[in-house]
Amino acid sequence: MKDQSTKLTALAGILLGSLALAGCDSNDDDNQETSNPLAQAMGIDKQVPAQVGVRPLFLVDQMVDGELKSQLEQCRQGPFYRSDFAVGHRGAAMQFPEHTRESYQAAIDSGAGVVECDVTFTADKALVCRHSQCDLATTTNILAIEDIAAKCSAPFTPADAVNGVSATATCCTSDITLADFKRLKGKMDGANPDATTVEEYMAGTPNWRTDLYAGEGTLMTHAESIAMFKAAGVKMTPELKSPSVTMPFDGMTQADYAQMMLDEYQAAGVAPSSVYPQSFNLDDVKYWIANAPEFGQQAVYLDDRYDLNDFDPQDSSSWSPSMDSLANDGVQIIAPPLWVLVALDDEGKIVPSEYAKAANDAGLKIITWTLERSGLLTQGGGWYYQSITEAIKDEGKAFELLDVLAKDVGVIGVFSDWPATVTYYANCMAK
């Protein structure tokens, strides 16, 4: 158990970081929604009620008895408000088709103070919201619309069980025009590799998600997402997706692409303080820092070093560039996956990793991803929990991890496929 002074230091770190995420100055009286510093730390906006539903309560009930569970239980009746600590990952993708108007609205309603549009482009270079340039076969109904499906990079090929061949299809936004894109409907991400028909292939939703809200997923352009988020009063975190086509594309360079994304915020009159541009491509982040510093100071480097064969979050020699080098290059916010930030101590307790400590020592703010994207935690939590698998025994561990990330690591925001869970935690900690 940490002593009281250490806890206060950690909470002070959250306060400073989350105020930065909220885009507000701690001395700005206009942004003082409450005198409670923890409410400020979690970016609680008491002018905007949130509907968290029953899932957070389910997770609390699954927790092992203890101080954290008792504290969270006392918040069952709310009230709950919007929190900048809660970041809607592709909207609310656990139950709604990702990057659709319906998914974004669910995230907004459940209290996400920041919502994400992953940005890619069509054949006519219109910016649209999709997690990957070439995911249309698994996230939309494109295969069911014959004239558009005919444009796919690789048409649907049925499975061949006799020869051990899986069903496949590759359909990219860059294969189709914006007009084509607008004819599509979003569906829950998934595909059936054993399918012999298009209908079977499209019916691939994981069994721990739901198709109840997937009937009419409304796809969004990037500009439409900006208008929606601006009207709702939430902040925005667009991710510039890596192109699946060779750049330049029809004369558009990578730098052009990076600038086009920011241009749409400027055209919509959105304050840079409300935008957190992201990229796994460090050169994109450096471009924003150098060429659009008003946005670049809040640019988020989605750290993909975890994908290197020798990467070890407990060994700083396996990270290149170093945390100090990133900070010296002007990077202010870093965003690794959940498992990179935590480890287990000798007693099996979840603690900050050496990576987390080094990022903090270098003065980098930290955002992490993605809570509630792992399916059932009773099965170990999968990829997102790989550094602490031995401690993952019940669904309530989501809150235990969230508590360590907030109080000990000092993250300033958490992406979640069901942001209501993070909203519940943020509000409870602010009471």
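Notes on the structure follow. Numbering of residues begins from 1 in every chain and follows the order in which that chain's sequence is written. Since the coordinates come from a predicted model, pLDDT governs what is reported: local features require at least 70, and pairs of side-chain atoms require 80 or more to be given and counted, while whole-chain, interface and lining totals use all residues. The side-chain numbers reported here are obtained from all heavy atoms of the structure, hydrogens and water having been left aside.

**Regarding the layout of surface pockets**
Considering only enclosed or pocket space, the second largest pocket measures out at about 430 Å³ in volume. Forming the boundary of the second largest pocket are 24 residues, of which His89, Arg90, His131, Lys241 and Phe280 lie nearest the centre. Points on a 1 Å grid over protein atoms alone make up a cavity when a 1.4 Å probe fits among them but cannot get out, and a pocket when they form an open set with protein on both sides within 12 Å along at least five of seven lines; lining residues each have an atom within 4 Å of a point. Grid points are joined across faces, edges and corners, and a volume is the space filled by probe spheres set on the points.

**Side note on the nonpolar core**
Leu72 and Phe85 are the most contacted members of the largest nonpolar core, which totals 109 residues. Ranked by the residues each element gives to this core, the list is headed by helix α16 (residues 397-409), at 8 residues. Ranked by size, the runner-up nonpolar core spans 21 residues in total, among them Ile148, Phe181, Val198 and Met202. The definition of a nonpolar core used throughout is a set of buried Ala, Val, Leu, Ile, Met, Phe, Trp, Tyr and Cys residues joined through side-chain atoms within 4.5 Å. Relative accessibility under 20% of the residue-type maximum defines a buried residue, over 50% an exposed one, and the middle range a partly exposed one, all with a 1.4 Å probe and only protein chains included. Elements are defined by DSSP. Helices are runs of H or I of four residues or more, strands are runs of E of two residues or more, and each kind is numbered from the N terminus.

**Brief notes about the environment of glycine 233**
Tracing the backbone shows glycine 233 in the loop between α10 (222-232) and β10 (235-236). The exposure class of glycine 233 is exposed, given its relative accessible area of 52%. With 41 residues separating them in the primary sequence, glycine 233 and serine 274 have C-alpha atoms 9.4 Å apart.

**Some remarks on the packing of α10 against helix α11 (residues 254-267)**
As a rule, the C-alpha atoms of each element are fitted with a line to give its axis, helices using only the stretch in contact, and angles between N-to-C directions run from 0 to 180 degrees. At a closest axis distance of 10 Å, the pairing of α10 and α11 adopts a crossing angle of 40°. As judged from the angle between their axes, α10 and α11 are oblique. Read as a crossing pair, α10 and α11 show a hand that is right-handed. Touching His222, Ala223 and Ile226 of α10 are Met261, Glu264 and Tyr265, all from α11. Taken together, the residues that form the contact of α10 with α11 break down as 4 nonpolar, 1 polar and 1 charged. Oblique is the label for any angle not covered by the other classes, which are roughly parallel (under 35 degrees), roughly antiparallel (over 145) and roughly perpendicular (65 to 115). Crossing handedness follows the turn of the near helix against the far one: under a right angle anticlockwise gives a left-handed crossing, and clockwise gives a right-handed one. Contacts are residue-level and defined by heavy atoms, with any inter-residue pair within 4.5 Å sufficient. Polarity classes work like this: nonpolar for Ala, Val, Leu, Ile, Met, Phe, Trp, Tyr, Cys and Pro, charged for Asp, Glu, Lys and Arg, and polar for all others, with Gly in that last group.

**Focus: the environment of leucine 377**
Mapped onto the elements, leucine 377 comes out in the loop between β17 (365-371) and α16. Residues leucine 377 and threonine 120, spaced 257 residues apart in sequence, show a C-alpha to C-alpha distance of 32 Å. If sequence neighbours within four positions are ignored, leucine 377 has contacts with Tyr385, Ile392, Lys393, Asp394, Glu395, Lys397 and Ala398.

**As for helix α3 (residues 55-62)**
For α3, every residue scored as buried is listed here: Pro56, Leu57, Leu59 and Val60. Take α3 and look down its axis: the buried residues cluster within an arc of 160°, on one side only. To obtain the arc, one takes the directions from the helix axis to the C-beta atoms.

**A few points about the packing of α16 against helix α17 (residues 420-429)**
Between α16 and α17, the shortest axis-to-axis distance is 11 Å and the interhelical angle comes to 55°. With respect to α17, the element α16 is oriented oblique. For the element pair α16 and α17, the recorded crossing hand is right-handed. Touching Phe399, Leu402, Asp403, Ala406 and Lys407 of α16 are Thr421, Val422, Tyr424, Tyr425 and Met429, all from α17. Class assignment of the residues belonging to the contact of α16 with α17 gives a composition of 7 nonpolar, 1 polar and 2 charged.

**Comments concerning the state of the cysteines**
The definition used for a disulfide is geometric: two cysteine sulfur atoms within 2.5 Å. For the structure shown, the criterion picks out 4 disulfides. One disulfide in the model links cysteine 117 with cysteine 129; its S-S distance is 2.1 Å. The chirality of the disulfide connecting cysteine 117 with cysteine 129 is left-handed, given an S-S dihedral of about -105°. Of this pair, cysteine 117 sits in the loop between β3 (112-115) and β4 (118-121) while cysteine 129 sits in strand β5 (residues 127-129); the two residues are 12 residues apart in sequence, bridging distant segments of the chain. Assessed through its relative accessible area of 1%, cysteine 117 is described here as buried. Since its relative accessible area comes to 0%, cysteine 129 is described here as buried. Sequence-ordered numbering of the disulfide-bonded cysteines in the protein chain gives the connectivity 1-8, 2-3, 4-7, 5-6.

**Observations concerning the side chain of lysine 187**
Within the element layout of this structure, lysine 187 appears in the loop between β8 (185-186) and α9 (198-202). With no salt bridge to any partner, buried lysine 187 finds its closest opposite charge in aspartate 189, at an N-O distance of 6.0 Å. In protein, a polar contact means a hydrogen-donor-capable atom and an acceptor-capable atom, both N or O and within 3.5 Å, with residues adjacent in sequence counting only if both atoms are side-chain atoms; elsewhere, any N or O pair within 3.5 Å suffices. Among the polar contacts made by the side chain of lysine 187, one reaches the main-chain carbonyl oxygen of methionine 202 at a distance of 3.1 Å. Residue contacts for lysine 187: discarding those within four places in its chain leaves Pro97, Ala137, Thr138, Thr139, Thr140 and Met202. His is not counted here, nor are the chain ends, while Lys and Arg score as positive and Asp and Glu score as negative. Any Lys or Arg side-chain nitrogen located within 4 Å of an Asp or Glu carboxyl oxygen qualifies as a salt bridge.

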